[in-house]
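# Inside the fold
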Amino acid sequence: MEKKKTNMVAIVTMCFIFAMISFVTNMAAPFGNIWGNQYEWSKMAGNLMNFAAYLFMGIPAGKMLIKVGYKKTTLIALAVGFIGIVIQWISSRAFLGNSAIYVYLLGAFVCGFCVCMLNTVVNPMLNILGGGGNKGNQYIQIGGTLNSLTGTLTPLLVGVLIGTVTENTAMSDVSPLLFIAMGVFAIAFVIISLVKIPEPAQERNTEKYEHSAWNFRHFVLGAAAIFFYVGTEIGIPSQVNFFLADASEKGAGIAVNGAAIGGAIAAVYWLLMMVGRAASSAISGKISTRTQMITVSSVALVLVLIAIFVPKTITVNMPGYAAGDGFSMFQVPLSCLLLVLCGLCTSVMWGAIFNLAVEGLGKYTEQASGIFMMLVVGGGIMPFIQNIIAKNAGYMNSYWLVFAMLGYLLFYALIGCKNVNKDIPVE
């Protein structure tokens, strides 16, 4: 009974952390609309810095799990995240002048260390608490549902705060959101310090490891899959946001409140991710992770392909928010709807890839989680490359990169996820 109670507290705690990860991460793209008005190159720079931190912190975070445990790693991450948000707030101060953008990028980089450590903690813990397999994936999807909820609210809140991006729009306009973030980090630190979290890694800390996670082919291919997945997850709504916010002929041509509408439409993507993860958490006990992954990868490929070719003159009405109009329906290109629908597909992928990649790794799970998080840097690199393509070849043409990444994810679901190294001892 005591163990079940401890596990339930741990599950709720991990799900809360999952929500915080998305809250911090999803501020980068809408903030990019603010900085991009002053520096065109900086639209995806904050996002790049946020994810670049994973490259440096992924493996050290995995080692921290083994050395100091899940709870202390979480507390360190929350403290680092608070500092990162404070630095981003400082970037809104007028006295910084032209150097403000670099202070903001530093803050985004520090926040990246935070979310990397949190991700390293939450994914293996939920998988372990679920006993791996379909149940482990189910727990990750439950946490992912809350992750998507905050992912939905963040771009929506930023869009409401800034409305239409003008020459006078600045980071100071979104200071209320930064103060909320500081408060959330402080409260989370207190809560986590009081709850009891299982420490499976420390129980086997003295074991000798003859191999490593790199010896498992399905894990290595899964690490590559997560690189492309996060690039896809971030890239799809970010370019939709930029496309709608661009009032020129190159963009959607929305003259008034484009940034607010873009933020609201992007929020629909994250809302659909929440719906998809909730649905997956309900069916994962019966439908295999691999089957779900094959299905959503195939559907996403079709949606993206149609979105690339459909003319932007073909429009549909979608829900959005704009100052003065409040919540109402806005006319946007059909391609935006198709891309937003991809949220239902990408919703399943994170948990599915992690679950398939660490299946059968046993004592190498913590090391694998750290390596896994290092490859999340793809969420910064691939959208940055996509933004360059969008700038030179058009927004919709940039989605050919997304199409290629989705193709790899389908390959992983079909072939790459099979564990061919079952002879390696993992107990």
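Structure report, in brief. Along each chain, residues carry numbers from 1 onward, in the same order as the chain's sequence is written. At least 70 in pLDDT is required for a residue's local features to be given in this predicted model, at least 80 for side-chain atom pairs to be given and counted, and no such filter applies to totals for whole chains, interfaces and linings, which use all residues. Values reported for side chains reflect all heavy atoms of the structure, with hydrogen atoms and water molecules removed beforehand.

## Details of the packing of aromatic side chains
Pairs were defined over the aromatic rings of Phe, Tyr and Trp, the Trp ring being its six-membered one, requiring ring centres within 6.5 Å. Orientation was assigned from the angle between planes: stacked under 30 degrees, edge-to-face over 60, tilted for the rest. On inspection of all chains with the given rule, the structure shows 16 aromatic pairs. A ring pair is formed by phenylalanine 109 and phenylalanine 113, whose centres lie 4.9 Å apart and whose planes are at 75°; its orientation type is edge-to-face. In this pair, phenylalanine 109 and phenylalanine 113 both sit in helix α5 (residues 100–129), four residues apart, roughly one turn of the helix. Taking 5.7 Å as the distance between ring centres and 80° as the angle between the ring planes, the aromatic pair formed by tryptophan 400 and phenylalanine 403 counts as edge-to-face. Taken as a pair, tryptophan 400 and phenylalanine 403 lie in helix α15 (residues 399–416) at a separation of three residues, close to a single helical turn. In this analysis the charged atom, NZ for Lys or CZ for Arg, is taken to sit over a ring once it is within 6 Å of the ring centre and within 35 degrees of the ring normal. The cationic tip of lysine 250 hangs over the ring face of tyrosine 395; the distance from NZ or CZ to the ring centre is 5.7 Å. Secondary structure elements are taken from DSSP: a helix is a run of H or I of four residues or more, a strand is a run of E of two residues or more, and numbering for both begins at the N terminus.

## So, empty space enclosed by the protein
Think of a 1 Å grid over the protein atoms and nothing else: a 1.4 Å probe that fits but is trapped marks a cavity, an open set flanked by protein within 12 Å on at least five of seven lines marks a pocket, and residues with an atom within 4 Å of a point count as lining. Grid points are joined across faces, edges and corners, and a volume is the space filled by probe spheres set on the points. Enumeration over the complete set of coordinates arrives at three cavities of 30 Å³ or more. Taken as a whole, the largest cavity spans an internal volume of roughly 170 Å³. If you go around the largest cavity, you meet 17 residues; those closest to its centre are Ile21, Thr25, Asn119, Asn147 and Glu233. Any residue that is not Ala, Val, Leu, Ile, Met, Phe, Trp, Tyr, Cys, Pro, Asp, Glu, Lys or Arg is counted as polar, Gly included; the first ten are nonpolar and the last four charged. A class-by-class count of the residues in the lining of the largest cavity yields 10 nonpolar, five polar and two charged.

## Focus: the packing of α5 against helix α13 (residues 365–374)
Two numbers describe how α5 lies on α13: the axes approach to 9 Å, and their chain directions differ by 140°. Comparing the axis directions of α5 and α13 gives the class oblique. Along this stretch, α5 crosses α13, giving a crossing that reads as right-handed. Each of Cys116, Asn119, Thr120, Asn123, Pro124 and Ile128 in α5 lies in contact with α13, whose residues at this interface are Thr365, Glu366, Ser369, Gly370 and Met373. Residues of the contact of α5 with α13, tallied by class, amount to four nonpolar, six polar and one charged. A fitted line through C-alpha atoms serves as each axis, taken over the contacting stretch for helices, and the angle formed by two N-to-C directions is quoted from 0 to 180°. In this scheme, roughly parallel covers angles under 35 degrees and roughly antiparallel covers those over 145, while 65 to 115 is roughly perpendicular and the rest are oblique. Left-handed describes a crossing whose near helix is turned anticlockwise from the far helix through less than a right angle; right-handed describes the clockwise counterpart. Contacts are assigned to residue pairs with any non-hydrogen atoms lying within 4.5 Å of each other.

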